[in-house]
Amino acid sequence: MDLKQKLKLLIGKQESPQSPQEEKIHANVTDYLSGTPTVNKLKFERPSNPQEEQDIIDTIDPAYYKDETFDTSLFELEKLPEEVDLDKVTDDRTKLGRQLNVVSKRISELILQNHAAYAVELERVMELQRTLQAASGICVRGRRQLGHARQSFTIASLGLLANYRKRQQLLGLLKSLRTIKTLQRTDLRLRELMEEEDYSGAIQLCLECQKAASTFRHYKCISELSSKLQDTLEMIEEQLDVALSKTCSGFDVNHYEKVQNAYKLLGKTQTAMDQLHMHFASAIHNTAFTIVLGYVELCVGSAGSNFQKRQYQDLCKHVTIESFTPCLLDLCKALWGVMRSYYQTMEWHETHDQDLVQLSATEDDGAAVEATFNRRYVMQKLEYGRGRIWQDVQQKVKTYVLAVDLAHFKLEQFIHVLDLINRMIKIGEEFCGSKSEGLQDSLKQQSLNYFKNHHRARLEELKMFLENEAWELCPVKSNFNILQLMEYRFMQNIKAKDQHSVMTKTISDSSAKVSPQLASKEEEEEDVEEVLFNCLARDSNPFDCQQEDEENEDVFSGTGDLEKEYKDSDSDSDIPDELKKDYIDELTGETHSYKGSSRQRSSSRSKQHRQGPIITNTTLNVLRVVGKYLQMISVLHPIAFDVITCMSQLFEYYLYTVFSFFATDGILAEDRTVNNRLSITLKRIHDNLIADPGTTGLSVEGDIMRVRVPAAIMLSVVDLNSPAHLFGLAERTVAVESLVFLAEQLEMLEGHLESLIPSNKKAFLQTFYSQTVRMATELRKPVYRPVAARAISYDHVLQQMNNVRWDIREIMSQHNSYVDTLLKSLTELCVKLREVDRRVPLPSQALDIMWEHCLRLGNRTIVEGYANAKKCSNEGRALMQLDFQQFITKLDQIVVLKPIPERELVEAYIKAYYLPESQLEAWVLEHKEYSNRQLLALIGSVDHLSRKSRQRLIALIEDADKTKR
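Conventions we followed
- Residues numbered from 1 in each chain as written.
- Predicted model: local features only at pLDDT ≥ 70, side-chain atom pairs only at ≥ 80, totals over all residues.
- Heavy atoms only, no water.
- Helix = DSSP H or I, 4+ residues; strand = E, 2+ residues; numbered from the N terminus.
- Buried < 20%, exposed > 50% of the residue type's maximum accessible area, 1.4 Å probe, protein only.
- Contact = heavy atoms within 4.5 Å.
- Areas by Shrake-Rupley, 256 points an atom, 1.4 Å probe, with all protein chains shown as cover.
- Phe/Tyr/Trp six-rings, centres within 6.5 Å; stacked < 30°, edge-to-face > 60°.
- Lys NZ or Arg CZ within 6 Å of the ring centre and 35° of its normal.
- Salt bridge = Lys/Arg side-chain N within 4 Å of Asp/Glu carboxyl O.
- Axes fitted to C-alpha atoms, helices over the stretch in contact; angles between N-to-C directions.
- Parallel < 35°, antiparallel > 145°, perpendicular 65-115°, else oblique.
- Nonpolar A, V, L, I, M, F, W, Y, C, P; charged D, E, K, R; others polar.
- Patch = residues over 30% accessible without salt bridge, like charges linked within 9 Å, V, L, I, M, F, W, Y side chains within 5 Å.
- Core = buried A, V, L, I, M, F, W, Y, C linked by side-chain atoms within 4.5 Å.
- Expected span 1.5 Å × (residues − 1).
- pLDDT = per-residue confidence, 0-100.
- Disulfide = S-S within 2.5 Å.
- Left-handed = near helix turned anticlockwise from the far one by under 90°.

(A) Representation of the overall build of the protein. Within the protein one finds 36 helices and four strands. Per-residue burial over the protein gives 42% buried out of 965 residues. Sequence-distant contacts in the protein: of pairs separated by 6 or more residues, those separated by 24 or more amount to 78%. Approximately 54200 Å² of the protein is accessible, and the part contributed by carbon and sulfur atoms is 51%.

Here you go:
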């Protein structure tokens, strides 16, 4: 073992020796504690040089300042080398000694500086020592006195206390025995409370008995009683669950409040809510199954078939068509009762929760937290359960509706079914905010299947009506409109909040003003809410509303009304006498009496007074069908677009048939009475709706939109070739004006229809109205044109013009006879129009179009006659102007139509003769309304053109004609 290890071992066994300075300090402190003055004993040599002391302190190793556990001896020993140098050790020892002396001196100086505070604190310690000694003496004396009291307490007093305790124990035992006796008799009282439906009292009594039994469980007689009480409590819970299930079929506030209070006593509020939802689900299933089973057994009979063991879906398939609607009505009523009970349950909890919030403020924090948690759980469960309840309800209705084929129902019956289901859908929406997509999809599926067959039958019916239509006027009142028909009465029971937006179109002058009352979708929803809350208030059922008794329609006019109108119109008391004299017609030279003209004027006035809508039986039928379609839309919005599409097909077929009956006999290659828009509409209808020739019935190409109908064939008794009847003008008027009236009625419904279809489908409706409905008025021109073309012999007038010589050399003062012939024909036509007007009132629009056709054809005939002139002089052109001026002057006395159609066509053709060669070429290029032959005739008759210029113009005209072709 080396020297270093030996020194370590030696130091570990012995304590470190104190330095001389430490010994002095220790001695001074000891003397101070003993009371001996120490100031004189602490003597330090003042350093001769303080800087030297500081230098010594600076030489101390920093390791000595780390912490109080620092081992200085071990530190110095570890610094020794392996081979110890004694001189070196001696030097280190001397150095450490000097450092220790300087440090000790500094410590002594610090102690002396704090000597006053040290002395004060020491005095307080001595005072505390004296106080503790006094307290020790007090404790010793107290213990001595307590010992004396214990020794002087007698045994008799303790015996007295022991006897008193025994007495108290016996009294407690007597009370326990009485309680046990009472517990034995509680079973009878519990049964009485359950019969009285005092569930809270029974549970409270049972719980108190259980608590008492738990208290006396150390008695052997109580063990059997505890088991019996537990069984009783379970029986009470079972009866309570039965009582809870009764609220699903008929909610009673008092009954439900008793049940909830009982569950609250049991601490099973959440369990009660879970059980309640299970009971509602069972009630929905059992109610639906019971109702359907009753109708099946009633109609089919229970013999040979055990329907009670069948599934609900299979049971619904055995419901007959006759009992379908009554069964659906009862099913909806019963399911409504279940939903109403659930709704009233929610209302009870909402009202009850408000009371609980006020009571919870007085309870302790733990009870308030639990009550709040239970309240939130109940409300969340009820809110979530609304959707589940409605899903079960709509699933039962959906299964019932899809189980039966409704294709053989009448439309009124089917609409009634739709109305019942639609009420249920709207109630569901109010109940839980659900859109009932499943029920609506099933309803839409059934409706589309039914509507396909129904619409095909209506199209066949429309074709039959049109083929058997004699196109005679159907007498209706002058103020007739669609809202007077029974099919539209459902629209009159709705408030007219959006009346102006719905009715954006007005009825024509021939119809009276109407004030339809159409409803918006939001108002219908508000009505449903009112129905729901009113039913809740008066404890009734929204399905108890009976259909209103149908009132008799009053749309047809009677003969008595017409005679009265005629008599009122024939009065001439307001006519001046000078107008009652006879007069001579300037055109024909015939004498006319006032009587005849008076009749004409009175007829005109009576017509204006009595004229109502011009409609046919077919028009009424189409309007009724449209009304039924609207009823279907009103109760089932999802199929609105499909129904409106079919509605458009009815109008399109009517329009196409009127055109094919009355307009095709007057269409020529060069005729422009059928404009491009009408032509496009007719072609579209023909391509999409009209079946190929030879087809005997309707053809369906998969979708409801692809129904094709064979073109109708006009009734053979309708004569369009008789000049005596103006080539069927009365029938043509009735046909086209009834179509126009039908279009006007549809325009009244445009706003209402637009509110029924989705936004992405409104483009179809706008296209239908712009390209089809509003084309009805455009049909007047092609329908009336054949009459105008055949009522006047334009060929005879043209033949007379061909016999006129236009190469005269003197100016004539008398017009040619063809002018009188044409005017006479127009006058005769005017008389015939009055005769037709007596049969069928001719609207002013129809008369204007008739005269427009006649004058246009007359002016074209005049131009054609002028173009037939092989030679023409300036005097001949002057005669043409004279003839045409005479025609225009006399025409004003026959026809009140301004401006005269194509008057400029004749005047420009006559004036072109006087144009110079430089302007004639431009005139030919600008006037495309003349035929090629007319232009060539004009160029050939102009005598001031050179041969070269004439050939150039002829070539120009022929090139333009080739380009046109």
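(B) Just the packing of aromatic side chains, in detail. Following the criterion strictly, the structure yields 24 aromatic pairs and no others. Here the aromatic residues Trp-471, Tyr-654, Phe-661 and Phe-662 are joined through ring pairs into a cluster of three or more. One cation-aromatic arrangement involves Lys-396 over Tyr-312; the distance from NZ or CZ to the ring centre is 4.8 Å.

(C) Structural view of the pattern of salt bridges. Applying the stated criterion to the full structure yields 29 salt bridges. A salt bridge links Arg-458 to Glu-461, with the nearest nitrogen and oxygen atoms 3.2 Å apart. On the criterion of helical spacing, the pair formed by Arg-458 and Glu-461 is a turn pair, its members being three residues apart in helix H17 (residues 437-467). We note a salt bridge from Asp-687 to Lys-683, for which the minimum N-O separation is 2.9 Å. Of this pair, Asp-687 and Lys-683 are both found in helix H24 (residues 676-688), four residues apart, which corresponds to roughly one turn of the helix. Among the residues examined, Asp-687 registers a relative accessible area of 34% and is labelled partly exposed. The network of salt bridges with common partners includes Glu-852, Arg-856, Arg-860 and Glu-902.

(D) The arrangement of the packing of helix H11 (residues 253-266) against helix H12 (residues 269-299) in detail. Where H11 contacts H12, the axes come no closer than 8 Å and their chain directions differ by 135°. Taken together, H11 and H12 sit at an angle that is classed as oblique. Residues Tyr-256, Tyr-263 and Lys-264 of H11 lie in contact with H12, whose contacting residues are Thr-269, Ala-272, Met-273 and Leu-276. A per-class count over the contact of H11 with H12 returns five nonpolar, one polar and one charged.

(E) Summary view of the environment of Gln-394. Mapped onto the elements, Gln-394 comes out in helix H15 (residues 365-402). When its relative accessible area of 5% is taken as the criterion, Gln-394 is described as buried. With 44 residues separating them along the chain, Gln-394 and Gly-438 place their C-alpha atoms 7.7 Å apart. When near neighbours in sequence (up to four residues on either side) are disregarded, Gln-394 contacts Ser-436, Gly-438 and Leu-439.

(F) Examining a nonpolar patch on the surface more closely. Taken together, the side chains of Val-103, Ile-107 and Ile-111 present a nonpolar region at the surface, about 210 Å² in accessible area. Following the sequence through the fold, Val-103 ends up in helix H5 (residues 86-113).

(G) Spotlight on the nonpolar core. Counting 221 residues, the largest nonpolar core has Tyr-400, Tyr-488, Phe-651, Trp-851, Tyr-866 and Phe-887 as the members making the most contacts within it. Setting aside its immediate chain neighbours within four residues, Phe-887 contacts Val-819, Leu-822, Leu-823, Leu-826, Asn-859 and Ile-862.

(H) Representation of unusual backbone geometry within the structure. Residues Lys-898 and Pro-899 are joined by a peptide bond in cis, for which omega reads -10°. Examined against the element boundaries, Pro-899 turns out to sit in the loop between helix H32 (874-891) and helix H33 (903-911). A positive phi angle, close to 55°, is found at Ser-436, a residue other than glycine. For Ser-436, the location among the structural elements is in the loop between helix H16 (411-432) and H17. Notably, Leu-726 is not glycine yet its phi reads approximately 55°, a positive angle. Mapped onto the elements of the fold, Leu-726 is located in the loop between strand S4 (707-708) and helix H25 (729-748). Of the residues examined, Leu-726 reaches a relative accessible area of 1% and is grouped as buried.

(I) Representation of the side chain of Gln-260. The residue Gln-260 is located in helix H11 in this model. In this structure, Gln-260 is in contact with Leu-244, Trp-348 and His-349, ignoring residues within four places of it in sequence.

(J) A look at H5. A rise of 1.5 Å per residue sets the reference length of H5, with its 28 residues, at 40 Å; its end C-alpha atoms lie 41 Å apart and thus fit the reference within 8%. Within H5, the full set of buried residues consists of Gln-99, Val-102, Ser-104, Lys-105 and Ser-108.

(K) Main features of the confidence of the model for the protein. Overall, the prediction assigns the protein a mean pLDDT of 78, with 76% of residues at 70 or greater. Low pLDDT, under 50, characterises residues 35-47; the predicted model gives this stretch 16 contacts beyond four residues in sequence or across chains. Throughout residues 494-530 the model reports pLDDT below 50, and contacts reaching past four residues in sequence, or to other chains, amount to 61 contacts.

(L) View of H32. Taking 1.5 Å of rise per residue, the 18 residues of H32 would be expected to cover 26 Å, and the 26 Å separating its terminal C-alpha atoms lies within 8% of that figure. Residues Gly-876, Arg-877, Leu-879, Met-880, Asp-883, Phe-884, Phe-887, Ile-888, Lys-890 and Leu-891 constitute the buried set of H32. Contact partners of the buried residues in H32: helix H30 (817-839), helix H31 (844-867), H33 and helix H35 (932-941).

(M) Layout of the environment of Leu-826. Take Leu-826: it is sitting in helix H30. Sequence-wise, Leu-826 and Trp-851 are 25 residues apart; in three dimensions their C-alpha atoms are separated by 9.0 Å. Beyond its immediate chain neighbours, meaning those up to four positions away, Leu-826 contacts Ile-792, Trp-851, Cys-854, Leu-855, Phe-887, Leu-891 and Ile-894.

(N) Molecular detail of the state of the cysteines. A complete count under the given rule lists zero disulfides for this structure. Its sulfur unpaired, Cys-299 is 8.4 Å from the next cysteine sulfur, which belongs to Cys-327.

(O) Focus on the packing of helix H23 (residues 640-662) against helix H27 (residues 762-771). The N-to-C vectors of H23 and H27 enclose an angle of 15°; their axes lie 11 Å apart at closest approach. Taken as axis vectors, H23 and H27 run roughly parallel relative to one another. By crossing handedness, the relation of H23 to H27 is classed as left-handed. Contacts between H23 and H27 involve Phe-641, Ile-644, Thr-645, Ser-648, Phe-651 and Glu-652 from the former and Phe-764, Leu-765 and Phe-768 from the latter. Split into classes, the residues belonging to the contact of H23 with H27 amount to six nonpolar, two polar and one charged.

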